[in-house]
Amino acid sequence: LKHELEKIGYSVNLVEGYNNLGILKINKINKELGNVIRSRSNVRYNSTKKNFGWDFPDSNTSLIVDAQKITYWFSALIFESMNDRKTILITGGCGYIGSHTCYVFLKNGFDVIILDSLQNSSKSSLDNVLEILKNEGIDASDKLKFVHGDIRDPILLSKIFSTTNKSICGVIHFAGLKAVGESSEKPLDYWDTNVCGAINLLKVMKSFKCSNLVFSSSASVYGENDSKYFIEESVINPINPYANTKA
């Protein structure tokens, strides 16, 4: 998120937050971005005693945002202007991060298709997402579709893209095997699922002219490193099969 905000001209500092949680200090917030943050995340002002409310009239206003919370809706923000039909495919969407991301997209009015093999997850997480939204006054049951399957199945992937009522405008790819120890015992399984599966997905996306992808990598790609924070320009040095498949 820091990298993406800096690319469009924002000055962003990484600082250590409460309980060692990472937070972002975003400087010189303009009104448009400020209002988006206001509507989707708990924020607080920094270095100012003025009561600006939520209008951000001062271009030098800075604020501090919980990086973990803001990341979930940042993906939604990326896709928001891409397609009025707004259908997103989330692979591995029943997992911890996937289900949280599903919640954010549904809350923001997207149709969401979840593809998951349920090898390391449970469909009950999606029931929980719908229940949470219902408690917030949102009935998203007709906006969420679950497909039980594997990303290594190109026929299934093609079927998902070809049979959806609304064109898929983007994919968030979380699916994959994720245990470091197991990857050393079964390296071929990890290369097959994480790499070949991703290639299958990319080929199908290309055939349906879908070019918007968020890929879930891993901090393990940086290996044993004493750095407190990593950015995309950090040296990649994977030291196990799982990390290699994410690099």
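Keep in mind the model is a prediction, meaning the values are calculated, not measured.

Details of the pairing of strand β6 (residues 111-116)
In terms of burial, β6 is largely enclosed, as six of its six residues are buried. Judged by which residues are buried, β6 turns out to be covered on both faces: Asp111, Ile113 and Leu115 on one side and Val112, Ile114 and Asp116 on the other are all buried. The pairing of strand β5 (residues 87-91) with β6 spans five bridges and is classified as parallel. For isoleucine 88, the partnering residue across the bridge sits in β6 and is valine 112. Taking the sense of rotation as the criterion, the β-α-β connection linking β5, helix α4 (residues 96-107) and β6 turns out right-handed. Here five bridges tie β6 to strand β7 (residues 144-148), and the two strands are oriented parallel to one another. Bridge pairing in β7 places leucine 115 opposite valine 147.

A short note on the pattern of salt bridges
Side chains bearing opposite charge may pair, as long as their charged atoms lie close to each other. Enumeration over the complete set of coordinates arrives at five salt bridges. Glutamate 136 is the partner of lysine 107 in a salt bridge, and the nearest nitrogen-oxygen pair spans 3.5 Å. Placement of lysine 107 in helix α4 and of glutamate 136 in the loop between α5 (124-135) and β7 is noted, with a sequence separation of 29 residues between them. By relative accessible area, lysine 107 is classed as partly exposed at 43%. Among the residues examined, glutamate 136 registers a relative accessible area of 39% and is labelled partly exposed. Of the charged contacts in the structure, one is a salt bridge between aspartate 192 and arginine 152, with a shortest N-O distance of 2.9 Å. Within this pair, whereas aspartate 192 is found in helix α8 (residues 187-207), its partner arginine 152 is found in the loop between β7 and α6 (154-163), the two being separated by 40 residues in sequence. Classification of aspartate 192 as partly exposed rests on a relative accessible area of 32%. For arginine 152, a relative accessible area of 34% gives the class partly exposed.

Observations regarding the nonpolar core
In terms of nonpolar packing, the biggest core is built from 17 residues, with Ile90, Cys102, Leu106, Val112 and Ile114 touching the most fellow members. At the level of secondary structure, the elements contributing two or more residues to this core comprise β5, α4, β6, α5 and β8 (168-173). Setting aside residues no more than four positions away along its own chain, leucine 106 makes contact with Val112, Val129, Leu130, Leu133, Ala140, Lys143 and Leu144. In terms of nonpolar packing, the next biggest core, distinct from the first, is built from 16 residues, Leu156, Phe161, Ala175 and Val204 among them.

Concerning the confidence of the model for the protein chain
If pLDDT is low for a region, its predicted coordinates should not be looked at in detail. Residues at a pLDDT of 70 or more form 66% of the protein chain, whose mean pLDDT is 77. Per-residue pLDDT, averaged within each element of the protein chain, yields its smallest value for strand β3 (residues 43-46) (40) and its largest for β7 (97). A low-confidence stretch, residues 16-23 (pLDDT under 50), is modelled with 17 contacts involving residues beyond four sequence positions or located in other chains. In this model residues 40-69 is a low-confidence stretch, pLDDT under 50, and it forms 73 contacts with partners more than four residues away in sequence or in other chains.

With respect to unusual backbone geometry
One can expect most non-glycine residues to show negative phi and most peptide bonds to be in trans. In this model, leucine 118 sits at a positive phi of 65 degrees, which is unusual for a non-glycine residue. Relative to the elements of secondary structure, leucine 118 occurs in the loop between β6 and α5. Residue classification places leucine 118 among the partly exposed positions, given a relative accessible area of 26%. Positive phi values are uncommon outside glycine, yet lysine 209 reaches one of about 55 degrees. Relative to the helices and strands, lysine 209 resides in the loop between α8 and β9 (213-215). Given a relative accessible area of 76%, lysine 209 falls into the exposed group.

The rules behind the values
Residues numbered from 1 in each chain as written. Predicted model: local features only at pLDDT ≥ 70, side-chain atom pairs only at ≥ 80, totals over all residues. Heavy atoms only, no water. Buried < 20%, exposed > 50% of the residue type's maximum accessible area, 1.4 Å probe, protein only. Helix = DSSP H or I, 4+ residues; strand = E, 2+ residues; numbered from the N terminus. Pairing = 2+ DSSP bridges. Right-handed = clockwise from strand over helix to strand, strands pointing away. Salt bridge = Lys/Arg side-chain N within 4 Å of Asp/Glu carboxyl O. Core = buried A, V, L, I, M, F, W, Y, C linked by side-chain atoms within 4.5 Å. Contact = heavy atoms within 4.5 Å. pLDDT = per-residue confidence, 0-100.

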